[in-house]
Structure formats: C-alpha cells, structure tokens
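One-letter residues, chain by chain:
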Amino acid sequence: MSEHDANARFARETIVEPAAIARARAHALELGAAPISAAVGAQCAVLAAASAARSVLEIGTGAGVSGLWLLRGAPQAVLTTIDNEREHLAAARQAFTDARVPAARGRFITGRASDVLPRMNEGAYDIVFIDADPENVIEYVEHGLRLVRTGGLVLVPRVLQGGRVADPVQRDGVTSAYRSLVQETQESQAVLAALSTVGEGLLQLARIAE
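Every value quoted in this text rests on a predicted model; they were computed, and no experiment measured them.

Rules used in this analysis
- Residues numbered from 1 in each chain as written.
- Predicted model: local features only at pLDDT ≥ 70, side-chain atom pairs only at ≥ 80, totals over all residues.
- Heavy atoms only, no water.
- Helix = DSSP H or I, 4+ residues; strand = E, 2+ residues; numbered from the N terminus.
- Buried < 20%, exposed > 50% of the residue type's maximum accessible area, 1.4 Å probe, protein only.
- Polar contact = N/O pair within 3.5 Å; in protein donor to acceptor, adjacent residues only side chain to side chain.
- Contact = heavy atoms within 4.5 Å.
- Core = buried A, V, L, I, M, F, W, Y, C linked by side-chain atoms within 4.5 Å.
- Expected span 1.5 Å × (residues − 1).
- Arc of directions from axis to C-beta.

Participant: Explain the side chain of D126 to me, using residue names and the numbers behind them.
Facilitator: Within the secondary structure layout, D126 lies in strand β4 (residues 125-130). Using a relative accessible area of 12% as the deciding quantity, one classes D126 as buried. Polar side-chain contacts of D126 include one of 2.6 Å to the side chain of R149. Discounting chain neighbours no more than four positions away, the residues touching D126 are A53, R54, S55, V148, R149, G152 and L153.

Participant: Go over the nonpolar core with me, naming the residues and quoting the values.
Facilitator: Grouped together as the largest cluster of nonpolar side chains are 36 residues, with contacts concentrated most on W69, I127 and L155. Here this core takes 7 residues from helix α3 (residues 38-50), the largest share from any one element. Excluding residues that lie within four positions of it along the chain, L155 makes contacts with C44, L47, I127, V128, F129, I130, L202, L203 and Q204.

Participant: Before we move on, can you summarise the environment of T80 with the specific residues and values?
Facilitator: Examined against the element boundaries, T80 turns out to sit in strand β2 (residues 78-83). As for T80 and G201, which are separated by 121 residues in sequence, their C-alpha atoms are 23 Å apart. Among the polar contacts listed, one links the side chain of T80 to the side chain of R107, at a separation of 2.9 Å.

Participant: I'd like a rundown of helix α2 (residues 19-31), residues and numbers included.
Facilitator: The first and last C-alpha atoms of α2 sit 19 Å apart over 13 residues, in line with the 18 Å expected at 1.5 Å per residue. Regarding α2, the residues found buried are A20, I21, A24, R25 and A28. Along the axis of α2, the buried residues cluster in a sector spanning 140°; they form a single face. Exposed positions of α2 whose direction lies more than 90 degrees from the buried face are L29 and E30. Its buried side turned inward, α2 meets α3, α4 (65-73) and α5 (86-98). In the stretch just after α2, G32 is the one whose phi turns positive, near 90°.

Next comes the structure, spelled out in structure tokens:
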C-alpha cells in the first residue's frame, strides 16, 4: 500500500459518524441515493462551525445525510434543501425528525434546482452545498456564488470523480465540467478556492468579492 493510500484509508477509518447520520445513510442507500462520505461530511461540519453559519442552502439532499452533517456543525442554522426526488426529500425530513432537529430548522423544496435557484435571494446564505446534477455543476456554482454573502462558502463534493478529473485522458462531459470548475476557480479573483482530496473530494470556495 502506498503512503497516499495508507493516509486516505486512515483518514477514512478514523471518522466516527453519529448514530442519527449513520441511520440516515443506511436509509439513503436503501433508496438508491448516493450520500456524501463521512469524511466529507465531517469536513462540512467543521466548515459550518468555523463560519458560524445561520443560513444554509443545500442542492441535493442525499436523503438527509449531508444536511445532518452541516447542522451538526451549525446547530442554530436553518437549512433549506432542494431536491427533484420527492422520496429523497421525505427521507431527509424523516432523518431530521429522528435526529431531533426542530421542524423550524429545515425547509424542504421539491423541484429542479435550475428552476428554483434563480428565484432565491442574493447574498442570503452563509453556505451553499451543491450535490446534484453533475452535468449542471458549473451553473449551480454560479448561482451559489450569487446566493452566498461575501465571506460565505460554496461547497462542492465529488469533484475528483473517482480519479477521473486528474486523468487528462478522461474527457466526458461531467469529468470535463468538474475539471474546468477546479481550474477556473483557482484562477478567479472573486473567490478563494481550496481542494480537499479526502473521501470523494471537496471543493471549497469562499466568496471574497461583490
């Protein structure tokens, strides 16, 4: 085993997932949803805590897993989650109830993100978490950067695409979109960008310009 593989395995196996999130993960997998890994979830919780987030927008519920991780880091936040899958939204609602998240801290919107996001208020969120429709990821990030306040965060998991983004031979549409997103945000004057390779990868963008 290489040093990189050993480090990745150690980082993955040291995460202790709270019982409520583990239950939500099991239900998500039963539904065929693809929740974020515990390693990425833990990073999101730390970022939510560090930013003292009070208003969080989530695109794609992961049947409640990502939302619970975000609220773990921001226990006073209100989380708005958008999903086109009614069953996944229902699972997220149940996961929040099981985790004793007060009803007033969760807002559930059924619909396509591309239809809902243009109607949302600019600069209204501390964090926008994007985990849906990878073919539209660049459009969603553009919306996300409009919707977060200055200093707010846009978080995008799965950006490494299981190693495909790092492989220049891979040129399918989704892989190319993620590759372009990583490269363009590194060069942008409007954001600070960092890329974590733990789990499935997490692109972190902080809005620094109006």
